[in-house]
Amino acid sequence: MPKARIPTIESICSKISSYYPEAKLDQVKKAYELASKAHSGQLRSSGEPYMIHPLGVAQTLADLQLDLPSIITGLLHDTVEDTAVTLNQIETEFDKNIAELVDGVTKLSKITFKTSEEKQAENFRKMILAMAKDIRVILVKLADRLNNMRTLQHCSLLKQKIIAQETLDIYAPIANRLGISWIKIELEDLCLRYLHPDVYYRLAQKVSKTKREREKYIEDVTLILDERLKEYDIQAQVSGRAKHFFSIFKKMERGKVTYEQVFDVIAYRIIVDNITECYKALGVIHAAYKPVPGRFKDYIAMPKANAYQSLHTTVIGPHGERIEMQVRTQDMHQVAEGGIAAHWKYKEGKFDNRSHENVEWVNRLLEWHKDLSDPNEFLETVKIDLFAEDVFVFTPKGEVKQLSHGATPLDFAYAVHTDIGHKCISAKVNGKIVPLKHRLKSGDTIEILTSASQTPSKDWIKIVKSSRAKTKIRSYIKEQERNRALKLGRELLEKTLKFFGHSLSKLERSGELLKAAQSFNLRTEDELYIRTGYGRLTPENIMKFLLPKDALEKKLESAKTEDESFLKRMFSAAKKRNEDGNAITVGNLDDVLIRSGKCCNPLPGDSIMGFITRGRGVTIHAVSCPKALDSDKERHVDVQWNINNTSTIKRHVRIRVICLDEPGILAVMSQTITACGINIASVNIRTTKDKKAIAFFDVEVGDITQLQKLTSALESKSGIMSVERLKS
């Protein structure tokens, strides 16, 4: 991994010359001079000259061995946004291609939206469009984010957490998808430092304590492997290293174990001359050390989506230590480290054919960009795809399909074709009938059984893992809900108009109903019916537009029949009291029942959304709640916390604490919670066979800030491994 350093234009030019001797560096120096002049007098949060930042971005791009336009863009990427330099000036002094790259990078940070979630989602939409046009835009953006993360200590604590979380959610996974492992690793470690500083520094301390022993162990095993490989005339470069902090943290989190209980923290890399020797080296390793069953992966035969290739195996090394071995060729190693940048053609400024396959996922994201209008649903879909591990399965004809880790036969069906997914009733895996929720493994052969009468169910969303399947199922269900709302809205209006002596069909033909729709900023009568069916518009609203007020009131006074009484009640609904008082404001709606979704229990400070349920008012959900994402956008209403009326309301939240099973640990947890000014409503604790305890606390908190302080306080205590808020 290239080390962070103070960059200079000389070091950048020297790096370019090392991999591109024919490069004409005049343009790079010219870009440096223009940027230096434009940023003159500007300072970073650290108090250093601003020019250090674009130089750092350009140095990273040179470390990736990118072309001159990319590096020039790195130097100029902030000039249009932060200085008097214009795109026309850049195009005149350089060329149109560089101006477009600078514009692409600039646009990613210029959009503002109502909420941070929309900003994040819409920025990512913009990023995808820019990536689809020229992948170099995201490479410059990654270098920009890496440099900002390296200097994040100079920002406020709140800004540190916001930027680090966005980096962990979006930029580190993008670096992984593009195969740039060293950027991904450094971003993840920096994110851990700012999101979980206590965990980061405890890990740093523990890793430092065992450094000498670990280095001796790595040296001993490296010598053994060298000797064994030479016995079989295999020329190899063998190196060992401790896994990075974030990787160790994830192992601790997944296994709910302490650092001392994490075994495979050392990984070895064996680089050989060709593919044949990869498999020969694997045989030598397995002969020297006992392999761990189920821990072998062949990414040479079936590369990852980012073109990564290696043989992975975990073996029992000296002293019973689990160690991971990665075997690859030199070419594979270049791709593993540089990813998509390893395929750069310097003179032409284009990628080779393989690189287009590497960014096939960008095209998938572009497809979802067109299909999904809701920004939060789009962002959730993107995250699923970015974090996905890969499973390789086969069709009955032997065609390979790449699916997300944990994928089911339903995911496979939707990967083949949307209609096959919609009609799927069962599946055969390796010749045996399995349930739709069966988890697929690499190497499985799947046959899908369909029925013309089958339709997707809401429960399927919980079964499938892939973004494509979730998107298609949600789209189908929302379409059905819209159709039902259309039918219900039409029936309600028809019944109401009949009571007032009018005909729905006549009003449609005369254009009066279209005028009514347009008065509510709707384009068609169907949209009016749908809004009415969902409850966003009432027949009263529409009648007030269609009929004179006097005629409306006179007719209501004469209501006698059961149907007429129902209409009268509809037009004179009593005011309802909200369970949260005035803690939440709902768009332009007054006197509407508000209730919190029990599935996610949103707290003041959580990002929220509301959607209308006919007869039950507005339900408030966290924006990340699956139920909220599954609802039709037509039912969404703008909601926000009323900060002046939330502080006195206490809400029950359940947290799960995993800790060591040792005397006094319950007292430590209880005292920590009480010290934060938080009441404990109930507690339940149980122990596990591996000397750990799992405690469930029901606590009363005022808002998300108070909960975050509690989480940090608990995580800082010795013996506590993780603290998690449970949504239901």
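Residues numbered from 1 in each chain as written. Predicted model: local features only at pLDDT ≥ 70, side-chain atom pairs only at ≥ 80, totals over all residues. Heavy atoms only, no water.

Participant: Quick question: what am I supposed to make of the overall build of the chain here?
Facilitator: The helix and strand inventory of the chain stands at 32 helices and 23 strands. Relative to its 728 residues, the chain shows a buried fraction of 50%. Considering only residue pairs separated by 6 or more positions, the chain has 66% of its internal contacts joining residues 24 or more positions apart. Total accessible area on the chain stands at roughly 36100 Å², and carbon and sulfur atoms take up 50% of it. (Helix = DSSP H or I, 4+ residues; strand = E, 2+ residues; numbered from the N terminus. Buried < 20%, exposed > 50% of the residue type's maximum accessible area, 1.4 Å probe, protein only. Contact = heavy atoms within 4.5 Å. Areas by Shrake-Rupley, 256 points an atom, 1.4 Å probe, with all protein chains shown as cover.)

Participant: Would you mind showing me how to read helix α10 (residues 157-177) here?
Facilitator: Within an α-helix, residues lying three or four positions from one another point in the same direction, as the helix has 3.6 residues per turn. Here α10 contains 21 residues, and its C-alpha end-to-end distance of 29 Å stays within 8% of the 30 Å for a straight helix at 1.5 Å per residue. The sharpest bend along α10 comes to roughly 45°, located at Leu168. A positive backbone phi angle near 80° is found at Gly179, which sits one or two residues after α10. (Expected span 1.5 Å × (residues − 1). Bend = angle between axes of the 7 residues up to and from the residue.)

Participant: How do you make sense of the side chain of His39 when you look at a structure like this?
Facilitator: Relative to the assigned elements, His39 resides in the loop between α2 (26-38) and α3 (52-63). A relative accessible area of 3% means that His39 is categorised as buried.

Participant: I would appreciate a short explanation of the nonpolar core in the present structure.
Facilitator: Across soluble globular proteins, nonpolar side chains show a tendency to be buried alongside one another. In terms of nonpolar packing, the biggest core is built from 96 residues, with Ile16, Val28, Leu76, Tyr268 and Met325 touching the most fellow members. Apart from the residues lying within four places of it in its own chain, the contact partners of Leu76 are Ala31, Leu34, Ala35, Ile90, Phe94, Ile98 and Val102. (Core = buried A, V, L, I, M, F, W, Y, C linked by side-chain atoms within 4.5 Å.)

Participant: Honestly, helix α23 (residues 467-499) in this entry has me stumped. Any pointers?
Facilitator: For α23, with 33 residues, the first-to-last C-alpha span of 48 Å sits near the 48 Å given by 1.5 Å per residue. Phi for Gly501, located one or two positions after α23, is positive at around 80°.

Participant: How should I be thinking about the packing of aromatic side chains in this particular structure?
Facilitator: Each aromatic ring pair is summarised here by two numbers: the centre-to-centre distance and the angle between the ring planes. Counted according to the given criterion, the structure contains four aromatic pairs. Consider the rings of Phe246 and Phe249, whose centres lie 6.1 Å apart with planes at 50°: the pair is tilted. Linking Phe246 with Phe249, this pair stays in helix α14 (residues 245-255), spanning three residues, or about one helical turn. Comparing Phe246 with Phe249, the two get one shared label, buried. Centroid distance Tyr299 to Tyr308: 6.1 Å. Interplanar angle 70°. Geometry classified as edge-to-face. Grouped by ring-pair contacts, the aromatic residues Tyr200, Tyr201 and Phe245 constitute a single cluster. Across from the ring centre of Phe94, 5.3 Å away, lies the NZ or CZ of Lys30, which sits over that ring. Here the basic side chain of Arg44 rests over the ring of Tyr50, its NZ or CZ set 5.9 Å away from the ring centre. (Phe/Tyr/Trp six-rings, centres within 6.5 Å; stacked < 30°, edge-to-face > 60°. Lys NZ or Arg CZ within 6 Å of the ring centre and 35° of its normal.)

Participant: I'm lost on the pattern of salt bridges in this one. Help?
Facilitator: Applying the stated criterion across every chain, the model contains twelve salt bridges. In this structure, the salt-bridge partner of Asp67 is Arg136, at a minimum N-O distance of 2.7 Å. You can see Asp67 sitting in the loop between α3 and α4 (68-76) and its partner Arg136 sitting in helix α9 (residues 136-150), a full 69 residues away along the chain. There is no split in this pair, since Asp67 and Arg136 are both buried. Across the pair Lys141 and Asp144 runs a salt bridge, and its minimum N-O distance is 3.5 Å. Of this pair, Lys141 and Asp144 are both found in helix α9, three residues apart, which corresponds to roughly one turn of the helix. Lys141 gets classed as buried once you look at its relative accessible area, which sits at 7%. The class of Asp144 is buried, set by a relative accessible area of 7%. (Salt bridge = Lys/Arg side-chain N within 4 Å of Asp/Glu carboxyl O.)

Participant: Would you take a moment to explain the sheet that holds strand β20 (residues 651-660) for this structure?
Facilitator: Strand order in the open sheet formed by four strands is β21-β22-β20-β23, with antiparallel pairing between adjacent strands. Two strands in the sheet have a free side with no partner beyond their single neighbour: β21 (679-687) and β23 (720-726). Mean inter-strand twist for the sheet, computed between neighbouring axes without regard to direction, equals 20°. Alignment of β20 against β23, held across six bridges, turns out to be antiparallel. Each bridged residue has a counterpart across the sheet, and for Ile655 the counterpart in β23 is Arg725. Running over the sheet, helix α31 (residues 665-675) touches β20, β21, β22 (692-701) and β23 and is turned about 20° from β22. Here helix α32 (residues 704-715) sits on the sheet and contacts β20, β22 and β23; the angle it forms with β23, its principal contact strand, is near 160°. (Pairing = 2+ DSSP bridges. Axes fitted to C-alpha atoms, helices over the stretch in contact; angles between N-to-C directions.)

Participant: Would you explain the side chain of Glu186 in this entry?
Facilitator: Summarising the element assignment, Glu186 is placed in helix α11 (residues 181-195). Side chain to side chain, Glu186 and Arg150 meet in a polar contact 2.7 Å long. (Polar contact = N/O pair within 3.5 Å; in protein donor to acceptor, adjacent residues only side chain to side chain.)

Participant: Hey, could you run me through the sheet that holds strand β12 (residues 432-434) in this one?
Facilitator: Strand pairing within a sheet occurs via backbone hydrogen bonds; the two strands may be parallel or antiparallel. Strand order in the open sheet formed by three strands is β12-β11-β13, and the pairing between neighbours is antiparallel. Each of the sheet's edge strands pairs with one partner strand only, and the pair in question is β12 and β13 (446-450). Across the sheet, the mean angle separating the axes of adjacent strands is 35° when strand polarity is ignored. Strand direction decides the pairing type here: strand β11 (residues 424-429) and β12, joined by three bridges, are antiparallel. Note on β12: the bridge partner recorded for Val429 is Lys432.

Participant: Sorry if this is basic, but what is going on with a nonpolar patch on the surface here?
Facilitator: A cluster of nonpolar side chains, contributed by Leu666, Val683 and Ile685, occupies part of the molecular surface with about 220 Å² of accessible area. Looking at the secondary structure, you find Leu666 in helix α31. (Patch = residues over 30% accessible without salt bridge, like charges linked within 9 Å, V, L, I, M, F, W, Y side chains within 5 Å.)

Participant: I would appreciate a short explanation of the packing of helix α20 (residues 409-416) against α23 in the present structure.
Facilitator: One way to put it is that α20 packs onto α23 with a least axis distance of 9 Å and a crossing angle of 80°. It follows that α20 is roughly perpendicular to α23 by the angle criterion. Contact with α20, carried on its side by Asp411, Tyr414 and Ala415, involves Arg468, Ala469, Lys472 and Ile473 of α23 and no other residues of that element. Split by residue class, the contact of α20 with α23 holds four nonpolar, no polar and three charged. (Parallel < 35°, antiparallel > 145°, perpendicular 65-115°, else oblique. Nonpolar A, V, L, I, M, F, W, Y, C, P; charged D, E, K, R; others polar.)

Participant: Would you mind going over the environment of Leu714 with me for this structure?
Facilitator: One can find Leu714 in helix α32. Judged by its relative accessible area of 0%, Leu714 falls in the buried class. In the structure, Leu714 is positioned 41 residues away from Ile673 in sequence and 7.7 Å away in space, judged by C-alpha atoms. Other than its neighbours up to four places away in sequence, Leu714 contacts Ile655, Val657, Met669, Thr672, Ile673, Ile720 and Val723.

Participant: It is not clear to me how the environment of Ser503 should be interpreted in this structure. Could you clarify?
Facilitator: Mapped onto the secondary structure, Ser503 falls in the loop between α23 and α24 (504-510). Look at Ser503 and you get partly exposed, because its relative accessible area is 25%. Sequence separation between Ser503 and Leu493 is ten residues; the distance between their C-alpha atoms is 9.5 Å.

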